[in-house]
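The lines below spell out each chain.
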Amino acid sequence: MAKIITLRKSGNSRVLPVPNDLDVDVGTQYQVEKLPDGGILYQPIKRQNIFATPDWQEYDYQADLRNDPELGPVKPVGKERVE
């Protein structure tokens, strides 16, 4: 069933409210496009988790710790408590 909503002004933006029964999470980001016929198309932005890729799954973090002196242990200078 189609619903009728009204474009509203909020500060310097225009807002199209989303009815609760559409079950969309708050904070979801959308790409917006105005169609030639005047319609507005909202498409959710799908982001890839870069840490789920094989490159990151097989990355050797311990080699970085061994080879990069910037990542080594820190020598206390003053009264720092290192536990």
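Scroll up to find the structure this text is about.
Only a predicted model underlies this, so the values are computations on that prediction, with no experimental measurement involved. (Residues numbered from 1 in each chain as written. Predicted model: local features only at pLDDT ≥ 70, side-chain atom pairs only at ≥ 80, totals over all residues. Heavy atoms only, no water.)

A.B. asks: A description of the overall build of the protein should follow, citing residues and the corresponding values.
C.D. replies: Check the secondary structure of the protein and you find 2 helices and 4 strands. When the helices and strands of the protein are listed from N to C terminus, the series reads β-β-β-β-α-α. For the protein, the C-alpha radius of gyration of 25 Å lies well beyond 12 Å, the compact-globule estimate for 83 residues. Here the C-alpha coordinates of the protein stretch approximately 65 × 35 × 25 Å along the principal axes. (Helix = DSSP H or I, 4+ residues; strand = E, 2+ residues; numbered from the N terminus. Rg over C-alpha atoms; globule rule 2.2 N^0.38 Å.)

A.B. asks: How would you sum up the pattern of salt bridges? Please name residues and give values.
C.D. replies: Following the criterion strictly, the structure yields 2 salt bridges and no others. Ionic pairing is found between Asp 21 and Lys 3, a salt bridge with its closest N-O pair at 3.1 Å. Separated by 18 residues along the polypeptide, Asp 21 in the loop between β2 (13-15) and β3 (30-34) and Lys 3 in the segment before β1 (8-10) bring together distant segments of the chain. Under the relative-accessibility criterion, Asp 21 is labelled exposed at 52%. (Salt bridge = Lys/Arg side-chain N within 4 Å of Asp/Glu carboxyl O. Buried < 20%, exposed > 50% of the residue type's maximum accessible area, 1.4 Å probe, protein only.)

A.B. asks: Describe the environment of Gln 31, listing the residues and the values that go with them.
C.D. replies: Here Gln 31 lies in strand β3. Given the relative accessible area of 48%, Gln 31 is considered partly exposed. Each C-alpha atom of the pair Gln 31 and Asn 12 lies 19 Å from the other, and the pair is 19 residues apart in sequence. Excluding its chain neighbours within four sequence positions, the residues that come into contact with Gln 31 are Leu 41, Tyr 42, Gln 43 and Ile 45. (Contact = heavy atoms within 4.5 Å.)

A.B. asks: Quick one: what's the story with the pairing of β3, residue by residue and with numbers?
C.D. replies: In this sheet, strand β4 (residues 40-44) lies alongside β3 in antiparallel orientation, the contact comprising 5 bridges. Note that in β4 the partner of Gln 31 across the bridge is Gln 43. Connecting β3 to the next strand, β4, in antiparallel fashion are 5 residues, including Gly 38 with a positive phi near 95°. (Pairing = 2+ DSSP bridges.)

A.B. asks: I'd like a description of the packing of aromatic side chains, backed by residues and values.
C.D. replies: Taken as a whole and assessed by the stated rule, the structure comprises 4 aromatic pairs. Ring centres 5.0 Å apart and planes at 70° place the aromatic pair Tyr 59 and Tyr 61 in the edge-to-face group. (Phe/Tyr/Trp six-rings, centres within 6.5 Å; stacked < 30°, edge-to-face > 60°.)

A.B. asks: Please give an account of a nonpolar patch on the surface that cites residues and values.
C.D. replies: A cluster of nonpolar side chains, namely Val 18, Leu 22, Val 24, Tyr 30, Val 32, Ile 40 and Tyr 42, defines an oily patch on the protein surface of about 640 Å² accessible area. Counting only elements with at least two residues in the nonpolar patch, the list comes to β3 and β4. As for its placement among the helices and strands, Val 32 is situated in strand β3. (Patch = residues over 30% accessible without salt bridge, like charges linked within 9 Å, V, L, I, M, F, W, Y side chains within 5 Å. Areas by Shrake-Rupley, 256 points an atom, 1.4 Å probe, with all protein chains shown as cover.)

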